[in-house]
Amino acid sequence: MDRTVPDRAGWQHAHFAAVALLMTASVVVVFGVVPGERTMGVVQRIFYFHVPSALCAFLGVGLCAAFSALYLWRKDDRWDLLAHASAELATLFCTIVLVTGPIWARPVWGVWWTGEVRLTSTLVLWLILVGYLVLRSSAENADQAARWGAVVAIIAALDIPIIYKSVEWWRGLHPRVLRATGGQGLDPAMEKTLLLCSVTFFLLFAYLLGQRYRLGLLARDVEVLTHAARRAAASGPGAQP
Amino acid sequence: MNAHDPNPLLALLAALQDAPLTRFATETAAADPGANARRFRFLIGAYVAVWTILAAYLFTLSVRLRRLSKQVRRLKERAGL
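These figures come from a predicted structure and were not determined experimentally.

A. Region of the structure containing the overall build of chain B. When its secondary structure is counted, chain B shows 2 helices and 0 strands. Out of the 81 residues in chain B, the part that is buried amounts to 15%.

B. Expanded view of the overall build of chain A. Assigned secondary structure in chain A consists of 6 helices and 0 strands. Scanning chain A from its N terminus toward the C terminus, one meets helices and strands in the order α-α-α-α-α-α. In chain A, which comprises 241 residues, the proportion classed as buried is 39%. Long-range pairs, those at least 24 residues apart, make up 79% of the contacts in chain A with a sequence separation of at least 6.

C. Structural context of the nonpolar core. The biggest cluster of nonpolar side chains holds 63 residues, and the ones touching the most others in it are Cys64, Ala153 and Ala156 of chain A. Contributing elements (two or more residues each) for this core: α2 (47-74), α3 (77-109), α4 (117-138), α5 (142-169) and α6 (188-234) of chain A together with α2 (33-79) of chain B. When residues of this core are assigned to their parent elements, the largest contribution, 17 residues, is made by α3 of chain A. Excluding residues within four positions of it along the chain, Cys64 of chain A makes contact with Ala83, Ser86, Ala87, Ala90, Ala153 and Ala156 of chain A.

D. Quick look at α3 of chain A. With 33 residues, α3 of chain A extends 46 Å between its outermost C-alpha atoms, agreeing within 8% with the 48 Å of an ideal straight helix rising 1.5 Å per residue. Gly110 of chain A sits one or two residues past α3 of chain A and shows a positive phi near 90 degrees.

E. Here's a closer look at unusual backbone geometry. The backbone of Lys75 of chain A sits at a positive phi, close to 55 degrees, despite the residue not being glycine. Looking at the secondary structure, you find Lys75 of chain A in the loop between α2 and α3.

F. Structural detail: the environment of Leu22 of chain A. All names here are of chain A. Relative to the assigned elements, Leu22 resides in helix α1 (residues 9-32). Here the alpha-carbon distance between Leu22 and Ser235, two residues 213 residues apart in the chain, equals 55 Å. When near neighbours in sequence (up to four residues on either side) are disregarded, Leu22 contacts Val199, Thr200 and Leu203.

G. Broad picture of the confidence of the model for chain B. Residues and elements named next belong to chain B. Mean pLDDT over chain B: 73, with 58% of residues reaching 70 or higher. A low-confidence stretch, residues 1-5 stays under pLDDT 50, and its non-local contacts, those more than four residues away or across chains, total 19 contacts. Every residue in residues 12-22 scores below 50 in pLDDT, and together they form 16 contacts with partners more than four places removed in sequence or on other chains. This complex was scored by the predictor with a pTM of 0.83 and an ipTM of 0.87.

Rules used in this analysis
- Residues numbered from 1 in each chain as written.
- Chains lettered and ligands numbered in written order.
- Predicted model: local features only at pLDDT ≥ 70, side-chain atom pairs only at ≥ 80, totals over all residues.
- Helix = DSSP H or I, 4+ residues; strand = E, 2+ residues; numbered from the N terminus.
- Buried ≥ 20, exposed ≤ 12 C-beta atoms within 10 Å, placed from the backbone.
- Contact = placed C-beta atoms within 7 Å.
- Core = buried A, V, L, I, M, F, W, Y, C linked by C-beta atoms within 7 Å.
- Expected span 1.5 Å × (residues − 1).
- pLDDT = per-residue confidence, 0-100.

Here you go:
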């Protein structure tokens, strides 16, 4: 991989345009095309952004753990930059899940929050991710931040199967529609809408990951250039021995 | 969750199993307009929250990118690169 920040402005603009177009189409379909749900009414439409956000959060955590493992194996800082970017995006999408979930729960369950396992394990994931970002920022150097971050990322990844299987292992209030069996899954129109929204969110995730990785590369360049400037100033003609 | 499945046999089986029905059935009957109006406010609130969070992140990301790009350019100029 090239060590300098790649300039792919054309691709980035095309990617962003595709995301914006798909996002507009998703909003039109969610609000104007897909039929409403009988029991919950219009508020069920939160589902079309809530679930893709959760999938993106899971993807972010999975990628963060995978890139972290690659960093520990290869000791290449590019993997660490990608892991850091993935963790930040996982935090972003997990925040969206934790904000939209209670807004959906209030009119349907009558409460903003319950001690249900899926909700609690998702909150635990968010806290681990915030901990990851805080830990990295408080590390003494880049290598320490990368090593500590890698360990926390692998711990965060262990929470994903618990969140995913929680509705099967502990029957709670949270709906189980994605892997429901016996004809209890999604209505076909709702399934297609969810697919469209998921594709849109995955494309948005990919765009943001590219931009966040670029930010990491730029930050590394600033660090390298600043060190070089300091060294040059120290070894210059007026430098003290 | 208390959903209505069009198949009564399926609903009965699920009730016998004491399992929550999870199908998101499409709307066929007119719902209570007052309740729908209240729920619509929650729906709008959720989407506004999603857009606000995403827009805020995109904004901070672009600000950080611009600031670092400028910094790199300045450092390269100073180093004569």
